[in-house]
Each structure stands twice: as structure tokens, then as C-alpha cells.
Amino acid sequence: AENLVLNGGFEDPAAAAAETKRLMDDFAATGRYALNASAKARLQATFKAAAVTPEETEEEMRLMHERCGYVLDPHTAVGLDCAKRYLASASPDRKIICVSTASAFKFAPAVLSALGTAPSGEDFEDLAKLEALTGVKAPLPLSSLKEKAIRFDPDAAIAPAEMEAAVLADEKLF
């Protein structure tokens, strides 16, 4: 938020600093903040937003695979669907570059489902199923995890409610 306020069109650096302080003070006190009308207008002129349902996400993954042979991860499928919606209402000269944000193999069960194949419930089996279905090799850092030793004892895991105290007690972190 502070970068958007500071870079958001304030002519006077002192005014930008005062507005940033107001926002951060509000956030510290209440856990939220509200932009003033001017800041909202600047953001709305700069950014566009859309919502995509899980079904639309799956459809985008399926269509991209059918049409292009590309295996989309769910995050990129959402971004691509939003970009298409934007382009449908934008001027014809508007162009968008959509950059894939993750490997589809990190989300093998979701991708398998989107491509019409039931996931097995076993991570490495689903990686192999996705490879077989798409003809694309899983990234080595993912596929090689099966051969790696487990480094952390799940029985020694810290409960979420105890996490803050455990982190603060670890002197090596500070």
C-alpha cells in the first residue's frame, strides 16, 4: 500500500508521507485501512480486476491444453482468463503478455481433474499420470523429491497456535 500511495500521483512528498502514515496507523490499530477517494480513483484508473470460478479455471486449463498443447497451472489459468476478459472490453490495439507463474506439476491433481482424468490421491503417482497424459516431463526438482530423504519430523511439528512463540524464542533468527 505504501508504494502505491507514494507513487500514486502526490505532487507533495510530505502529503504522500502523511497519507502513508495515516494508512499504516489505521492498519496497525484496526487491521485494515481505507483509501481516500482520490487514491481509489487513481488505482481504479490503473488496475483492473476480475474473479474466476474454479470451474472457469479448469475450463481455461482444458482449453489451453486442447488448443495449444500447453499445460497450465491453476494460477496462470486464472490470470489468462482475466486477461481475455479484459481484452474483450479493451481497445483493439491493447496487447497483453501472460507469463506462466508456476509449474502445472505442482498442482498435478487439479490439472489432471481439469483435463478429465481422476487424480489418484498420491502425489508422485499424479506427477507420473500428468506426464503420461500430456507427454510433458515433470520438472526434475519436483520429480526427484521422491528420492530425497524427509528432512523434518512431522511428529515434531509446531502447532500453528504455538508458532509465534517458537519463532520469537529462536535466538538464531534475530
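Further up the page is the structure itself.
What counts, and where the lines are drawn
Residues numbered from 1 in each chain as written. Predicted model: local features only at pLDDT ≥ 70, side-chain atom pairs only at ≥ 80, totals over all residues. Heavy atoms only, no water. Helix = DSSP H or I, 4+ residues; strand = E, 2+ residues; numbered from the N terminus. Rg over C-alpha atoms; globule rule 2.2 N^0.38 Å. Buried < 20%, exposed > 50% of the residue type's maximum accessible area, 1.4 Å probe, protein only. Contact = heavy atoms within 4.5 Å. Areas by Shrake-Rupley, 256 points an atom, 1.4 Å probe, with all protein chains shown as cover. Lys, Arg positive; Asp, Glu negative; His and termini not counted. Charge placed at Lys NZ, Arg CZ, Asp CG, Glu CD. Core = buried A, V, L, I, M, F, W, Y, C linked by side-chain atoms within 4.5 Å. Patch = residues over 30% accessible without salt bridge, like charges linked within 9 Å, V, L, I, M, F, W, Y side chains within 5 Å. Salt bridge = Lys/Arg side-chain N within 4 Å of Asp/Glu carboxyl O. Axes fitted to C-alpha atoms, helices over the stretch in contact; angles between N-to-C directions. Parallel < 35°, antiparallel > 145°, perpendicular 65-115°, else oblique. Nonpolar A, V, L, I, M, F, W, Y, C, P; charged D, E, K, R; others polar. Phe/Tyr/Trp six-rings, centres within 6.5 Å; stacked < 30°, edge-to-face > 60°.

Some words on the overall build of the protein
Step number 1: A tally of regular secondary structure across the protein gives 9 helices and 0 strands.
Step number 2: Relative to the 2.2 N^0.38 estimate, which gives 16 Å for 174 residues, the radius of gyration of the protein is 23 Å and therefore markedly larger than a compact globule would have.
Step number 3: Structurally, the protein occupies a C-alpha span of about 60 × 55 × 25 Å along its principal axes.
Step number 4: A burial count over the protein gives 20% of its 174 residues as buried.
Step number 5: Sequence-distant contacts, at least 24 apart, represent 41% of the contacts inside the protein between residues at least 6 apart.
Step number 6: Of the roughly 12500 Å² that the protein leaves accessible, carbon and sulfur atoms contribute 59%.
Step number 7: Side-chain charges in the protein split into 19 positive and 27 negative, and the spacing between the mean points of these groups amounts to 7 Å.

Some details on the nonpolar core
Step number 1: Judged by nonpolar contacts, the single largest core of 16 residues is most densely connected at Met61, Val71, Leu72, Phe105, Val111, Leu127 and Leu130.
Step number 2: Counting only elements with at least two residues in this core, the list comes to α4 (54-68), α5 (74-89), α6 (108-114) and α7 (123-134).
Step number 3: Here Leu127 is in contact with Phe105, Ala108, Ala138, Leu142 and Ser143, once residues within four sequence places are set aside.

Focus on a nonpolar patch on the surface
Step number 1: Together, Ile158, Met163 and Val167 give the surface a local cluster of nonpolar side chains, amounting to about 220 Å² of exposed area.
Step number 2: Inspection of the secondary structure puts Ile158 in the loop between α8 (140-143) and α9 (163-169).
Step number 3: For Ile158, a relative accessible area of 39% corresponds to the partly exposed category.

Topic: the packing of α4 against α5
Step number 1: Between α4 and α5, the least distance of the axes is 8 Å, while the angle of their chain directions is 90 degrees. When the axes of α4 and α5 are compared, the pair comes out roughly perpendicular. On α5, the residues that touch Glu56, Thr57, Glu60, Met61, Met64 and Arg67 of α4 are Pro74, Ala77, Val78, Leu80, Asp81, Lys84 and Arg85.
Step number 2: For the contact of α4 with α5, the residue count by class is 6 nonpolar, 1 polar and 6 charged.

Here's the deal with the packing of aromatic side chains
Step number 1: Scanning the entire structure with this criterion turns up 1 aromatic pair.
Step number 2: Plain terms: the ring middles of Phe27 and Tyr33 are 6.1 Å apart, the flat faces sit at 70 degrees to each other, and that makes the pair edge-to-face.
Step number 3: What makes Phe27 partly exposed here is its relative accessible area of 44%.
Step number 4: The partly exposed category is assigned to Tyr33, whose relative accessible area is 33%.

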